[in-house]
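Tertiary structure, described
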Amino acid sequence: MKDTGIRAHGGSHRPAARTTIACIVVGSLALLGPWGSGIAAAQSAGCPDAIRVGMVFPMTGREGRPGTYQVEGIRLAMELINAKGGVYVKECGKRLPFKEILYDDQSDQGRTVQLVERTMSSDNVVAVIGAYSSSLGQAQSVVPDRYQVPWISPGAGASPIYNQGRKWIFGVLAPVELLGYTTMKFLGSLVDQGKLEKGLKIAIVVENTDHGKEYVEGVNRWVKENPGAFKVVYNESFQMGGTDFSGILQRMKAANADIFLSDAHLQDYITMHRQYTQMGLRHRMVSYGARGTEEPARKALGPAADYIFAGIWWHKDLPYPQVKAFVQEHKKKYQREPDSYYPSTAYDAVRILAAAIESAGSLDRTSIRNALHKVRLTDSLLPGQTLQFQENGQAMTPFVIVQNKPGDKVDFVYPEDSRTGEVVTRIPR
Amino acid sequence: MGLDDLLNLFVAAILLAGIYTAMSIGMTVIYGVMKMVNLAHAGFMMLGAYFALEMSQRLPIDPLITSVLAAPVFFLLGIATHRGMVRFVPVADEPTLPSLLLLFGLWLVLQNFGYAVWGADDRSIFTPLTMATFRFGGIVVPVIRLIVFGIALLSLVALHLSLQHTWFGRSVRALTQNREAGQLAGIDTGRTAMLAFGLGIAFTGLAGALLANLYSFTPDFGGSFMLRSFVITVLGGLESFSGVAIGAVIVALIETFSILVVPANYQHAISFILLVVVLLVLPGGIEGLLQRWRRLR
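Please read these numbers as outputs of a predicted model, since none were measured by experiment.

1. Considering the overall build of chain B
The helix and strand tally for chain B stands at 13 helices and 2 strands. In terms of C-alpha radius of gyration, chain B reaches 19 Å, essentially the compact-globule figure of 19 Å for 297 residues. Structurally, chain B occupies a C-alpha span of about 60 × 55 × 35 Å along its principal axes.

Following this line, the structure appears as structure tokens:
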């Protein structure tokens, strides 16, 4: 009886289950109808009305300022491209404008991952441009391979992000390791020219992030390759967002170094260099990595920011016609010149994406990804004027070294062929 | 490190302690009378910093003097905040969820207000005093830090005198010690709470304005200072004003001298390790320790 009962129950259930499933499927299709038919229509027409690009940046919070500047660079590039009719997509047989889908991650690592997932899964984007800062970039970079959407970062330079074997990530910033290496190469060139003595002592104080660690790796690589040129006598790291650096600076003072090298984000650079000056510390040369020329820092530090040198990804005075045109357009749109590299790499990220779409001739994400690996932007704003991604997805453009001079002036001091002023190797007291 | 280096570290720690005391005392006043952890502390500090910036740009007087103006302005702002929202939170003898949520929400509102008004750019105040130092033998003293320390010290003396010699001060001390006994003695708890909240916000705004002379700031400013204030307040014994001053000195000394034995990138963690240790070993904080010592005598 039991068996029969079960069979009888099961027998009556199976058709009911099939009916239910069929209803769910039909209902779902009905509900999805407008959307589904929209996609079908787009596919049958071949193309959407615009190239949708996801953007996830810190517009507020700790990294709000550089993040906002990067968004401005992206918008400027999109506006200029759209003004010319957009990007030519061969399979559509016409030009399509860019359309931004922007999210603010509030400088929060958890939120930035959620937003990248959201835009890659729900916004029907062909690519995502995202992340200012290596730490936010590190967080975002795990998502693109999962959703198979090309991701380009104009603001994450730490190479561990790109050395994980991921296939869908690209970075416009050259590795921070190269920044440390170029800084030392510059100092080495000063020894060769007799402007610095051989065997000077170096103190290094960097933020405890991939950015800082990689900077030290670059410095150490050069020091190892050039034994006897310089001697590292102090090497310490600090946690980002510090409120007091007196202890670390006092210890550095005791190391009695000749040259002080740091790698810090803007707020830490300002706080640390204020304390450095207030403590009466003096070194022949001082650098805070890529920081130094920013307008807020020069306002906050006054003459104390003079003679600080920096290895930078870009500067508005680079002598290329495309840089002059970019600065003019930036000024026209935002009523100010760019005071840092932030908008320039973002601007080039859009242009290299446009070049990849044109090269792919399609809005297919895999085709765009493959094209990004091959394409070369030969009128890049960055030093060397050519932007191309390496095998691991990261660009390898050279750094230039600049030095602040009194009166808010900045001189290019390295490499020699781009020099606009004499390097000062002993900061005047 | 030589003796001069150690003395320089000691001076730096004491000057830092002055700043820490100024920023923590507001939290202690509010907790003492109202048993509320002011999670909007960072928001009011940030407003204090921007107040100093705006005043320094508008008035032809030294930003340090305009910073002092923050105290009366933020006292009124504190009173308005109490009248407008805080007084509706039920009174309790320990922090309640509504008070925590209200003040946390207020912090977020203030932060976003900051972004809307001033944007995300780093701002700072720079005067000829910013980088000035004077030497005393081998010891280098930053003038601006010394002045900030002096103002913080003077404001603490003023607080101490008002707590000892005014009706309001006696009411605050009575409510801090025993709310019910205070009520039975005829203290107007509502009015005292309102004035105490105003006083706490006045100190917080003053601390923010003073810190603006030392650090660059954005609307995010104050978060790490608030966490330190919390550590110092707990270390001081939550309701003790003298405990806060001693706690600030201890935290500043430990943070500054820990560099000699602990890598600098653990400096932030030290305060929080200290917090855990105090909560486990010394739940009454320094004030509890002092009371035990007095009883033994």
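From this point, the discussion proceeds with the structure in view.
2. Side note on the overall build of chain A
Regarding its fold elements, chain A presents 13 helices and 16 strands. For chain A, buried positions account for 52% of its 429 residues. Taking all contacts inside chain A whose residues are at least 6 apart in sequence as the whole, residues at least 24 apart take part in 66%.

3. Notes on the sheet that holds strand S4 (residues 98-104) of chain A
All names here are of chain A. Spatially, the 5 strands line up as an open sheet ordered S4-S1-S5-S6-S7, and their pairing is parallel. Two strands in the sheet have a free side with no partner beyond their single neighbour: S4 and strand S7 (169-171). Between one strand axis and the next, the sheet turns through 25° on average, direction left out of account. Summarising the sheet, strand S1 (residues 51-57) and S4 pair through 7 bridges and their orientation is parallel. Within the sheet, the bridge partner assigned to Arg52 lies in S4 and is Lys99.

4. Some thoughts on the packing of helix H6 (residues 176-192) of chain A against helix H7 (residues 210-225) of chain A
Residues and elements named next belong to chain A. Where H6 meets H7, the axes come as close as 6 Å, and the angle between the chain directions of the two elements is 40°. With respect to their mutual orientation, H6 and H7 come out oblique. For the pair H6 and H7, the crossing hand works out as right-handed. Contacts between H6 and H7 involve Val176, Glu177, Leu178, Leu179, Gly180, Tyr181, Thr183, Met184, Lys185 and Gly188 from the former and His211, Glu214, Tyr215, Val216, Glu217, Gly218, Val219, Arg221, Trp222 and Val223 from the latter. Split into classes, the residues belonging to the contact of H6 with H7 amount to 10 nonpolar, 5 polar and 5 charged.

5. Looking at the environment of Pro338 of chain A
Residue and element names in this part refer to chain A. Relative to the helices and strands, Pro338 resides in the loop between helix H11 (321-334) and helix H12 (342-360). A tally of 23 C-beta atoms within 10 Å means that Pro338 is categorised as buried. A C-alpha to C-alpha distance of 24 Å links Pro338 and Glu416, two positions 78 residues apart in sequence. Discounting residues that sit within four places of it in the chain, Pro338 has contacts with Lys316, Val327, His330, Pro343 and Ser344.

6. A look at the interface of chain A and chain B
Each side of the interface is counted separately: chain A has 34 residues, and chain B has 31 residues. Residue contributions to the side of chain A that touches chain B peak at 7 residues, all from helix H8 (residues 246-255) of chain A. Taken together, the residues that form the side of chain A that touches chain B break down as 9 nonpolar, 18 polar and 7 charged.

7. Description of helix H5 (residues 97-118) of chain B
Residue and element names in this part refer to chain B. Its 22 residues give H5 an end-to-end C-alpha distance of 31 Å, which sits within 8% of 32 Å, the value for a rise of 1.5 Å per residue. Those residues of H5 that sit buried are Ser99, Leu103, Trp107, Gln111 and Gly114. What you see down the axis of H5 is that its buried residues fit within an arc of 110°, all on one side. Along H5, the residues that are exposed and aim more than 90 degrees away from the buried face are Leu97, Leu101, Leu108, Val109 and Ala116. Gly119 occupies a position one or two residues after H5 and carries a positive phi of about 75°.

8. Looking at H6 of chain A
Residue and element names in this part refer to chain A. With 17 residues, H6 should cover 24 Å at 1.5 Å per step; its first-to-last C-alpha distance of 24 Å lies within 8% of that length. Restricting attention to buried positions, one finds in H6 the residues Val176, Glu177, Leu178, Leu179, Gly180, Tyr181, Thr182, Thr183, Met184, Phe186 and Leu187. Looking one or two residues beyond H6, the residue adopting positive phi is Gly194, at roughly 80°.

9. Remarks on unusual backbone geometry
Residue and element names in this part refer to chain A. The amide bond that connects Tyr414 to the next residue, Pro415, takes the cis arrangement and shows omega of 0°. With respect to the element layout, Pro415 can be found in the segment after strand S16 (409-414). Notably, Ser107 is not glycine yet its phi reads approximately 65°, a positive angle. Tracing the chain through its elements places Ser107 in the loop between S4 and helix H3 (109-122). For Ser107, a count of 23 C-beta atoms within 10 Å gives the class buried.

10. Some details on the packing of helix H6 (residues 143-165) of chain B against helix H9 (residues 189-211) of chain B
Residues and elements named next belong to chain B. Where H6 meets H9, the axes come as close as 11 Å, and the angle between the chain directions of the two elements is 170°. When the interaxial angle is binned, H6 and H9 end up roughly antiparallel. Residue-level inspection shows Val148, Ile151, Ala152 and Ser155 of H6 in contact with H9, the latter providing Phe203, Leu206 and Leu210. Broken down by class, the residue content of the contact of H6 with H9 amounts to 6 nonpolar, 1 polar and no charged.

11. Description of the confidence of the model for chain B
All names here are of chain B. Per-residue confidence for chain B gives a mean pLDDT of 87; residues scoring 70 or more make up 100%. The least confident element of chain B, judged by mean pLDDT, is helix H13 (residues 285-296) at 78; the most confident is helix H4 (residues 70-84) at 95. Here the predicted complex carries an ipTM of 0.79, next to a pTM of 0.78.

12. Observations regarding the environment of Phe257 of chain B
Residues and elements named next belong to chain B. Tracing the backbone through its elements, the reader meets Phe257 in helix H11 (residues 241-257). Distance from Phe257 to Thr189, taken between C-alpha atoms, is 43 Å for residues 68 residues apart in sequence. Every residue in contact with Phe257, bar those within four places of it in the chain, is listed here: Leu9 and Ala13.

13. Describing the nonpolar core
Counting residues in each nonpolar core, the largest one holds 134 residues, and the members touching the most others are Ala127 and Ile357 of chain A. Inspection of this core shows a minimum of three residues originating in each of domain 2 (51-174 + 318-398) and domain 3 (177-308 + 401-418) of chain A. Not counting chain neighbours up to four residues away, the residues in contact with Ile357 of chain A comprise Ile51, Val87, Val89, Leu363 and Ile368 of chain A. With 85 residues, the next largest nonpolar core counts Leu195, Ala202, Leu211 and Ile250 of chain B among its residues.

14. Here's the deal with the environment of Ala152 of chain B
Residues and elements named next belong to chain B. Position of Ala152 among the secondary structure elements: in helix H6. You can call Ala152 buried: it has 24 C-beta atoms within 10 Å. Sequence spacing of Ala152 and Ala207 is 55 residues, and the spatial spacing of their C-alpha atoms is 7.8 Å. Sequence-distant contacts of Ala152, that is, excluding residues within four places in its chain, are made with Gly18, Ile19, Thr21, Ala22 and Leu210.

15. Side note on the pairing of S16 of chain A
All names here are of chain A. Judged from the 5 bridges that link them, strand S15 (residues 400-405) and S16 form a sheet pairing that is antiparallel. Looking at the pairing, Ile401 lines up with Tyr414 of S16. Linking S15 back to S16 in an antiparallel pair, the connection comprises 3 residues, with Gly407 at a positive phi of about 75°.

Conventions and cut-offs
- Residues numbered from 1 in each chain as written.
- Chains lettered and ligands numbered in written order.
- Predicted model: local features only at pLDDT ≥ 70, side-chain atom pairs only at ≥ 80, totals over all residues.
- Helix = DSSP H or I, 4+ residues; strand = E, 2+ residues; numbered from the N terminus.
- Rg over C-alpha atoms; globule rule 2.2 N^0.38 Å.
- Buried ≥ 20, exposed ≤ 12 C-beta atoms within 10 Å, placed from the backbone.
- Contact = placed C-beta atoms within 7 Å.
- Pairing = 2+ DSSP bridges.
- Axes fitted to C-alpha atoms, helices over the stretch in contact; angles between N-to-C directions.
- Parallel < 35°, antiparallel > 145°, perpendicular 65-115°, else oblique.
- Left-handed = near helix turned anticlockwise from the far one by under 90°.
- Nonpolar A, V, L, I, M, F, W, Y, C, P; charged D, E, K, R; others polar.
- Expected span 1.5 Å × (residues − 1).
- Arc of directions from axis to C-beta.
- pLDDT = per-residue confidence, 0-100.
- Core = buried A, V, L, I, M, F, W, Y, C linked by C-beta atoms within 7 Å.
- Domains from an automatic or database assignment.

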